[in-house]
Number of protein chains: 2
Amino acid sequence: MARQQRAIRTRARIIAAAGECFSESGYRATRVADVAERAGAALGTLLFHFPAKTDIANAVIEQQHRIVMEAATAVDEMNSPSGIQDIIVVSAKLANLISTNPVVRAGLRLSTESVEDLGISSAQPYLDWTRQCVQLLEKARAAGELAEGIDLEHFAEVINSAFTGTQFMSSAVSGSSDLPERLARLWPILFSQVVKADCTSESVQRLLDDHSTLIDAETPAEEEAASAIESGTAEAE
Amino acid sequence: MARQQRAIRTRARIIAAAGECFSESGYRATRVADVAERAGAALGTLLFHFPAKTDIANAVIEQQHRIVMEAATAVDEMNSPSGIQDIIVVSAKLANLISTNPVVRAGLRLSTESVEDLGISSAQPYLDWTRQCVQLLEKARAAGELAEGIDLEHFAEVINSAFTGTQFMSSAVSGSSDLPERLARLWPILFSQVVKADCTSESVQRLLDDHSTLIDAETPAEEEAASAIESGTAEAE
């Protein structure tokens, strides 16, 4: 079991290091040897786990997707009465992940700028998030939070576009550190007329403050590695 | 003069070809030889005009900036009574340029994804556009179009972020072809509460329809080349 534990831990370390390298320099400027060095792993070890650079990048994207989807699911499990509040809380969690977690930042960067290299669709993340957002808007509609006649799909697209652009602008201007402030200004403007829920600057700011520190910035792969090691040790005993 | 005219025309042809290559494949995947081939120019000729790949890319970005700023200035010269209408019309012109002009598309792509390679600031375009937008909001405020207490700088940032995200999403999902429709859905939501001007779906759609076909998709460099040739010919006569 010890060998398997070590392998899991090494794999997690490589993904974490790759997240740092890709988020700092992008896909093409990052060399496989840079990732190995950052991970403190031999190049041969890295190539055993990930035969090609595209394999590392796809593992980073996969992990980023898992992390953000877990954050979205955690919001769902809060069982709040408000779909609009859920959207704002998801945005706060994403903002926090983007500013604290290199794997998340790298995953976003890879999915926008290295699409051709990685053979992935640049449209898919937008479509996934729109579907997620439509679900929350359905909850909002059921709770009586939406004005009449709103097309949920179109409104979800506007919400996603506005979040995406805010994230890009914040990343370019402040390295994402001012993203929560920008969201606190965005949501009251975007929701002011179409939403009947409490959506003043103050209430949005409070939601962002309350929920931006809930996230454990540790990556799931690290947690998995740790728990695999624990259960492995348990079995070995 | 004939040699100079030919040089101007060749330079314009190289920039146009580079716009196509960079917008299709991005900076790193585009080889200098690809641009020369697309331009129908010898590699030596290209290197005479642009000694390095970064020179070509920076010329594309410079031309893109000139094209979009000319479009913004043209709106200014319309002398409309409404700052809000001006913002919507500028967005229509940009949408049209993005979908019809490869140099504009390439410039936007290069300024977001190849920042490290080109030694440019990814923040600058956002800051420039925010300043432009603040000016139009000042006009809107003077015309009594804004609700009380709006911070113009913050509102301009929200407007720019929302446009940027809409453009990214439209590019990913439809290759930018649905950008006008997305803008027609965005502006009424974004402006509904904070703006006292006419900003219904119908009025915004009308503005977008009226102003999205006003732009000559020909690049200024080509026009310049043509007019330089004409004036050259005139001088030669």
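Residues numbered from 1 in each chain as written. Chains lettered and ligands numbered in written order. Predicted model: local features only at pLDDT ≥ 70, side-chain atom pairs only at ≥ 80, totals over all residues. Heavy atoms only, no water.

1. Thoughts on the overall build of chain A
When helices and strands are tallied, chain A shows 12 helices and 0 strands. Going from the N terminus to the C terminus, chain A shows its helices and strands as α-α-α-α-α-α-α-α-α-α-α-α. When burial is assessed residue by residue, chain A has 53% of its 237 residues classed as buried. Once local pairs closer than 6 in sequence are excluded, the contacts in chain A between residues at least 24 apart make up 70%. As displayed, chain A offers around 10,600 Å² of accessible surface, 50% of which is attributable to carbon and sulfur atoms. (Helix = DSSP H or I, 4+ residues; strand = E, 2+ residues; numbered from the N terminus. Buried < 20%, exposed > 50% of the residue type's maximum accessible area, 1.4 Å probe, protein only. Contact = heavy atoms within 4.5 Å. Areas by Shrake-Rupley, 256 points an atom, 1.4 Å probe, with all protein chains shown as cover.)

2. A look at the side chain of Glu 157 of chain B
For Glu 157 of chain B, the location among the structural elements is in helix α9 (residues 152-174). Leave out the neighbours within four places in its chain, and Glu 157 of chain B touches Met 169, Arg 182 and Arg 185 of chain A together with Thr 130 of chain B.

3. What about the relation of the copies chain A and chain B?
For the pair chain A and chain B, the relating rotation is 180°, the translation along its axis is 0.0 Å, and the fit reaches an RMSD of 0.0 Å. Both copies of the chain, as the preceding transformation shows, are related through a two-fold rotation axis. Both copies share a contact surface, since 100% of the interface residues of chain A are interface residues in chain B too. (Least-squares fit on C-alpha atoms with pLDDT ≥ 70 in both.)

4. Topic: the interface of chain A and chain B
If you look at the interface, chain A gives 33 residues, while chain B gives 33 residues. Carbon and sulfur atoms supply 64% of the area that chain A and chain B bury against each other, a total of about 2,900 Å² over both sides. Where chain A meets chain B, there are 4 salt bridges. A salt bridge links Arg 182 of chain A to Glu 157 of chain B, with the nearest nitrogen and oxygen atoms 3.3 Å apart. At the surface where chain A touches chain B, the tally comes to 6 residue pairs in polar contact (both at pLDDT 80 or more). Elements that contribute at least two residues to the side of chain A that touches chain B include exactly α1 (2-25), α6 (102-113), α8 (124-142), α9 (152-174) and α10 (179-191) of chain A. Its residues assigned to classes, the side of chain A that touches chain B comprises 14 nonpolar, 11 polar and 8 charged. (Buried area = accessible area lost by both parts, 1.4 Å probe. Salt bridge = Lys/Arg side-chain N within 4 Å of Asp/Glu carboxyl O. Polar contact = N/O pair within 3.5 Å; in protein donor to acceptor, adjacent residues only side chain to side chain. Nonpolar A, V, L, I, M, F, W, Y, C, P; charged D, E, K, R; others polar.)

5. Remarks on the packing of α9 of chain A against α10 of chain A
Residue and element names in this part refer to chain A. The N-to-C vectors of α9 and α10 enclose an angle of 155°; their axes lie 10 Å apart at closest approach. Between α9 and α10, the angle falls in the class roughly antiparallel. Where α9 crosses over α10, the handedness of that crossing is right-handed. On α10, the residues that touch Phe 155, Val 158, Ile 159, Ala 162, Phe 163, Thr 166, Gln 167, Met 169, Ser 170 and Val 173 of α9 are Leu 179, Arg 182, Leu 183, Leu 186, Trp 187, Leu 190 and Phe 191. Grouping the amino acids of the contact of α9 with α10 by side-chain chemistry returns 13 nonpolar, 3 polar and 1 charged. (Axes fitted to C-alpha atoms, helices over the stretch in contact; angles between N-to-C directions. Parallel < 35°, antiparallel > 145°, perpendicular 65-115°, else oblique. Left-handed = near helix turned anticlockwise from the far one by under 90°.)

6. So, the packing of helix α4 (residues 53-76) of chain B against helix α6 (residues 102-113) of chain B
All names here are of chain B. Two elements in contact, α4 and α6, have axes whose closest approach is 8 Å; the angle formed by their N-to-C orientations is 115°. At the point where α4 passes α6, the crossing takes the left-handed sense. Mapping the contact onto sequence places Ala 57, Val 60, Ile 61, Gln 63, Gln 64, Ile 67 and Val 68 in α4 and Val 103, Val 104, Ala 106, Gly 107, Leu 108, Leu 110 and Ser 111 in α6. Broken down by class, the residue content of the contact of α4 with α6 amounts to 10 nonpolar, 4 polar and no charged.

7. Regarding the pattern of salt bridges
Applying the stated criterion across every chain yields a total of 16 salt bridges over all chains. Across the pair Arg 182 of chain A and Asp 178 of chain A runs a salt bridge, and its minimum N-O distance is 3.0 Å. One exposure class covers both Arg 182 of chain A and Asp 178 of chain A, and it is buried. The salt bridge involving Arg 38 of chain B is made with Glu 20 of chain B; its shortest N-O contact spans 2.9 Å. Residue Arg 38 of chain B is located in helix α2 (residues 32-39), and its partner Glu 20 of chain B is located in helix α1 (residues 2-29); the two are separated by 18 residues in the primary sequence. Here Arg 38 of chain B falls in the partly exposed class, since its relative accessible area comes to 38%. Among the residues examined, Glu 20 of chain B registers a relative accessible area of 30% and is labelled partly exposed. The network of salt bridges with common partners includes Glu 157 of chain A together with Asp 178, Arg 182 and Arg 185 of chain B.

8. Considering the packing of aromatic side chains
This structure, assessed with the given rule, holds 7 aromatic pairs over all chains. Taking the centre distance of 5.8 Å and the plane angle of 25° together, the rings of Phe 22 of chain A and Tyr 27 of chain A count as stacked. An identical accessibility class is assigned to Phe 22 of chain A and Tyr 27 of chain A; each is buried. Both rings, one in Phe 155 of chain B and one in Phe 191 of chain B, keep their centres 6.0 Å apart while their planes meet at 75°; by these two values the pair is edge-to-face. Placement of the pair is Phe 155 of chain B in helix α9 and Phe 191 of chain B in helix α10 (residues 179-191), with a sequence separation of 36 residues. For the residue pair Phe 155 of chain B and Phe 191 of chain B, the accessibility class agrees, reading buried in each case. What links up through ring pairs into an aromatic cluster is the set Phe 155, Trp 187 and Phe 191 of chain A. If you follow Lys 53 of chain A out to its NZ or CZ, it ends over the ring of Tyr 27 of chain A, 4.4 Å from the centre. (Phe/Tyr/Trp six-rings, centres within 6.5 Å; stacked < 30°, edge-to-face > 60°. Lys NZ or Arg CZ within 6 Å of the ring centre and 35° of its normal.)

9. Quick word on α8 of chain A
With 19 residues, α8 of chain A extends 27 Å from end C-alpha to end C-alpha; this agrees with the ideal 27 Å at 1.5 Å per step. Of the positions making up α8 of chain A, those classed as buried are Tyr 126, Asp 128, Trp 129, Thr 130, Cys 133, Val 134, Leu 136, Leu 137 and Ala 140 of chain A. On its buried face, α8 of chain A is in contact with α4 (53-76), α5 (83-100) and α9 of chain A together with α9 of chain B. Just downstream of α8 of chain A, Gly 144 of chain A is the residue with a positive phi angle, here 75°. (Expected span 1.5 Å × (residues − 1).)

10. Re the confidence of the model for chain A
Residue and element names in this part refer to chain A. Across chain A, the average pLDDT comes to 84, with 85% of residues at or above 70. Of all helices and strands in chain A, the one with the weakest mean pLDDT is helix α12 (residues 220-236) (44), whereas helix α2 (residues 32-39) scores best (97). Below pLDDT 50 for its whole length, residues 214-237 participates in 30 contacts with residues either more than four positions away or in separate chains. (pLDDT = per-residue confidence, 0-100.)

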